[in-house]
Each structure stands twice: as structure tokens, then as C-alpha cells.
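For reference, the chains in residue letters:
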Amino acid sequence: MRAWLNRVRRALWRQLFFRMVFGERGAPHSRIAPSTCIEGEAGLRLADHVFIGQFNFLDATAGLTIGEGVQITNFCSIVTHSSHRAIRLLGRAYASHSGPAPGYIQGPIEIGPYVFVGPHSLIEANTRIGRGALICAYAQLRGEVPAFAIMAGQPARQVGDVRERDAALLAQYPELAAHYQAWAHEVPR
């Protein structure tokens, strides 16, 4: 009886709380899991055909642009500010400090079209990710990421180029080349 009750309880929880929600303002084909936390939602610019999975934290307070076709898997953090240095420097005075806090970092993040962000990744303030990039699981990203780059590690570094794999797939499915070129604006290597 207990196992049956647990299965029912889990099924009910999934139906009520962890189902994908389709359609966002201006992005009717985008999906954002209800367990994703979005802070500073007014700063979020979301293109269409975006997928944002479960248990992510998106900080858009300093501006977060997510391009068409982006996939953000699960357990990712995207943060447009960092106060940890300022808090250490100011201690208790942080809460009452007036003016710019020393060591406080704040800046926008731009994720280009058709980027894939693997699970448990961290994307920090002042980051720009070029179109078609692939961010591997557990990557820690800051700064400029070239288009089509495969990024891995903490801190992340470029370990490859997705166009090599894309070329093999397009050779297998040549009828899809027009779709690929429509967003990639080039032929894969």
C-alpha cells in the first residue's frame, strides 16, 4: 500500500508542479520549467523556441538575453551580478554602505541563438556566448565565447568546434542543410 501511495504522490506532484509550461510573452514556442527561478524578470529578453529545464537559477537583474533555439538543461546558474567580494570587504557595513560597493560585479549576459548549456553549468556576469556554442556539463563560464565553440572545465576553455560534428550529421541528412544554414549563416566545416 505504501509503495502505491508514494507512486500516486509522485505522479500528482509531477502533474501539478514540474510540468513544462509552454509559451512566454513574445515566445509562444518557448518552454520554461516551473521549478526554474527567474530573478529580475524585467531584464530578461527571451527569443522563441527556447527550452529552459528544471531547477535553474536565472538572474536577469543586469540584463539577460537568450537567443532563439537555446537549450538550458537542468541545475544551471546564470548570474548577472556577484557581491561576494564586496560583502567580504565591507563585512556588516555592506547592508548600510552607500555608493558603489568595492568589488561588486554586475553586467549583462548574452546567449546567442542555438546554444546548448549542459547541466550544472555556471555562466557569470559580463559573458557573451556566440551562436551555436555548446557549453559542457559543469562548465564555469566568464567572458567571450566564440560562435560554435565547445567549452568545458572550470574555468571553461574551448575544447572543440561543433561544426565538425554538424558536418557529419549534415552529410547524413543533406535535406536539412537549408534549415541549418538559416540560423548558422555558413556551411559547417
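Our subject is the structure listed above.
Residues numbered from 1 in each chain as written. Predicted model: local features only at pLDDT ≥ 70, side-chain atom pairs only at ≥ 80, totals over all residues. Heavy atoms only, no water.

1. Focus: the overall build of the protein chain
In step 1: In terms of helices and strands, the protein chain carries four helices and 20 strands.
In step 2: Every one of the 189 residues in the protein chain was classed for burial, and the buried ones make up 36%.
In step 3: The long-range fraction of contacts in the protein chain, counting pairs at least 24 apart against all pairs at least 6 apart in sequence, stands at 23%.
In step 4: When the 19 basic and 14 acidic side-chain charges of the protein chain are each reduced to a single mean position, those positions are 12 Å apart. (Helix = DSSP H or I, 4+ residues; strand = E, 2+ residues; numbered from the N terminus. Buried < 20%, exposed > 50% of the residue type's maximum accessible area, 1.4 Å probe, protein only. Contact = heavy atoms within 4.5 Å. Lys, Arg positive; Asp, Glu negative; His and termini not counted. Charge placed at Lys NZ, Arg CZ, Asp CG, Glu CD.)

2. With respect to the side chain of Asp161
In step 1: Topologically, Asp161 is positioned in strand S20 (residues 157-161).
In step 2: Here the side chain of Asp161 touches Arg163 through a polar contact of 2.6 Å, side chain to side chain. (Polar contact = N/O pair within 3.5 Å; in protein donor to acceptor, adjacent residues only side chain to side chain.)

3. A few points about the nonpolar core
One recurring pattern in soluble globular proteins: nonpolar side chains tend to sit buried together.
In step 1: Core analysis: the largest hydrophobic core is formed by 28 residues, its most contacted members being Leu64, Ile66, Ile72, Ile111, Ile129 and Ile135.
In step 2: Within the residue set of this core, elements represented by two or more residues are strand S2 (27-32), strand S4 (44-46), strand S7 (64-66), strand S12 (109-111) and strand S19 (149-152).
In step 3: Apart from residues no more than four positions distant in its own chain, Ile111 is found in contact with Leu64, Thr65, Ile66, Gly67, Val70, Ile72, Ile78, Ile123 and Ile129.
In step 4: One finds Ile150, Val162, Leu170 and Ala184 within the second-largest nonpolar core, a separate group that totals seven residues. (Core = buried A, V, L, I, M, F, W, Y, C linked by side-chain atoms within 4.5 Å.)

4. Overview of the pattern of salt bridges
In step 1: Within the structure shown, the criterion is met by four salt bridges.
In step 2: Arg142 serves as the salt-bridge partner of Glu124, at 2.7 Å between the closest nitrogen and oxygen. Of this pair, Glu124 sits in the loop between strand S14 (122-123) and strand S15 (127-129) while Arg142 sits in the loop between strand S17 (140-141) and strand S18 (144-145); the two residues are 18 residues apart in sequence, bridging distant segments of the chain.
In step 3: Here Asp161 and Arg163 are joined by a salt bridge, their closest N and O atoms 2.6 Å apart.
In step 4: A relative accessible area of 10% places Arg163 in the buried class.
In step 5: In this structure, a network of salt bridges that share partners links the residues Glu110, Arg128 and Glu144. (Salt bridge = Lys/Arg side-chain N within 4 Å of Asp/Glu carboxyl O.)

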